[in-house]
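# Tertiary structure, described
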Amino acid sequence: MDVKSHLVAFSIVLLAFIASTSIVVAVIDPIQHTYLPEITPFATLLFLPHGVRVIVTWLYGVWSIPYLFFATIFADLLIRGSADPTVIFITAIVCYASFELFKLCGLDMYKMKNMKSKNLWRSLLLVAFVSSVFNSVLHNIVLQSQILPENALQTMLSYMVGDVLGTLALFFIALLIVKAIGLTKVKINL
């Protein structure tokens, strides 16, 4: 890829991250905080940006790491007013690590581009789940001084649920957008 292609790819990732993070901060977190105030500062139960991570990693492979790292830092600074580079680095690598783990096991998920849409989305959701496990475990390790011990398991499970449900929701939204703008004849079969 040339510099222009990288800039275009990064711009798309940045816009997707800003949009998905904005929805989480403005809509999902306030609702969740009403019912689960002890978890909300650490994990969102419908975390749309994880779906962005999965799709970006599937499309860009190793280049997803710098794209996601800088897009997340920018989005967090813009929307939340702060950014933790250690946590952001974790979130930038978990999907890539998951794709590579599947590849080591003989399942090259990067080659799914020619799959039927039904199997493609299911396979990407599997990657989202595995990367969510990595994400939740690593977050609990990094944030262990901030998470009360009695909330550790609940927070870890919240990361996994939030990442997977957020990915599923983002996939559904992406399919609706693709179908609405007529980029392709996509059948919405989950």
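Below is a short write-up of the structure. Note that the structure is predicted; figures quoted are calculated from it, not measured.

### Thoughts on the overall build of the chain
A tally of regular secondary structure across the chain gives six helices and zero strands. What you see in the chain, going N to C, is helices and strands ordered as α-α-α-α-α-α. The dimensions of the chain, computed from C-alpha atoms along their principal axes, are 45 × 35 × 35 Å. Split into buried and exposed, the 190 residues of the chain put 43% on the buried side. For the chain, contacts bridging at least 24 residues in sequence account for 70% of all contacts bridging at least 6. Summed over its atoms, the accessible surface of the chain is roughly 10100 Å², and 71% of this surface lies on carbon and sulfur atoms. In the chain, which carries 12 positive and 9 negative side-chain charges, the distance between the mean positions of the two groups comes to 20 Å.

### What to know about the nonpolar core
The biggest cluster of nonpolar side chains holds 39 residues, and the ones touching the most others in it are Phe99, Met112 and Leu124. Elements supplying a minimum of two residues to this core: helix H1 (3–35), helix H2 (48–60), helix H3 (64–80), helix H4 (85–104), helix H5 (117–142) and helix H6 (152–181). Those residues within four positions of Met112 in sequence are excluded, and the remaining contacts are Trp58, Phe99, Leu120, Ser123 and Leu124. Listed in part, the six residues of the second largest apolar core include Ile39, Phe42, Ala43 and Tyr159.

### Points about the pattern of salt bridges
According to the stated counting rule, one finds two salt bridges in the structure shown. For Arg80, the salt bridge is made with Asp29, and the minimal N-O distance between the two is 4.0 Å. A residue pair is termed long-range when its members are at least 10 positions apart, and Arg80 in helix H3 and Asp29 in helix H1 qualify at 51 residues. Given a relative accessible area of 39%, Arg80 falls into the partly exposed group. Of the residues examined, Asp29 reaches a relative accessible area of 12% and is grouped as buried. By sharing partners, the salt bridges in this structure join Asp29, Asp76 and Arg80 into a single network.

### Details of the side chain of Thr167
Here Thr167 lies in helix H6. Looking at Thr167, the relative accessible area reads 0%, which means it is buried. Not counting the four nearest positions on each side in its chain, Thr167 is found in contact with Phe47, His50, Gly51, Val54, Leu125 and Ala128.

### Some points on the packing of aromatic side chains
Scanning all chains against the criterion turns up six aromatic pairs. The interplanar angle of 85 degrees and the centroid separation of 5.3 Å between the aromatic rings of Tyr60 and Tyr67 together place this pair among those described as edge-to-face. On the basis of relative accessibility, which here comes to 23%, the residue Tyr60 falls in the partly exposed class. You can call Tyr67 buried: its relative accessible area is 4%. When the centroid spacing of 5.1 Å and the interplanar angle of 80 degrees are considered together, the rings of Phe69 and Phe70 count as edge-to-face. Among the residues examined, Phe70 registers a relative accessible area of 47% and is labelled partly exposed.

### Quick look at H3
Every α-helix carries 3.6 residues per turn, so stepping three or four residues along brings you back to the same face. When the terminal C-alpha atoms of H3 are compared, their 22 Å separation across 17 residues agrees well with the 24 Å that a helix rising 1.5 Å per residue should span. Every buried residue of H3 is listed here: Ser64, Ile65, Tyr67, Leu68, Phe69, Ala71, Thr72, Ile73, Ala75 and Asp76. At the exit of H3 stands Gly81, carrying a positive phi of roughly 85 degrees.

Parameters at a glance
Residues numbered from 1 in each chain as written. Predicted model: local features only at pLDDT ≥ 70, side-chain atom pairs only at ≥ 80, totals over all residues. Heavy atoms only, no water. Helix = DSSP H or I, 4+ residues; strand = E, 2+ residues; numbered from the N terminus. Buried < 20%, exposed > 50% of the residue type's maximum accessible area, 1.4 Å probe, protein only. Contact = heavy atoms within 4.5 Å. Areas by Shrake-Rupley, 256 points an atom, 1.4 Å probe, with all protein chains shown as cover. Lys, Arg positive; Asp, Glu negative; His and termini not counted. Charge placed at Lys NZ, Arg CZ, Asp CG, Glu CD. Core = buried A, V, L, I, M, F, W, Y, C linked by side-chain atoms within 4.5 Å. Salt bridge = Lys/Arg side-chain N within 4 Å of Asp/Glu carboxyl O. Phe/Tyr/Trp six-rings, centres within 6.5 Å; stacked < 30°, edge-to-face > 60°. Expected span 1.5 Å × (residues − 1).

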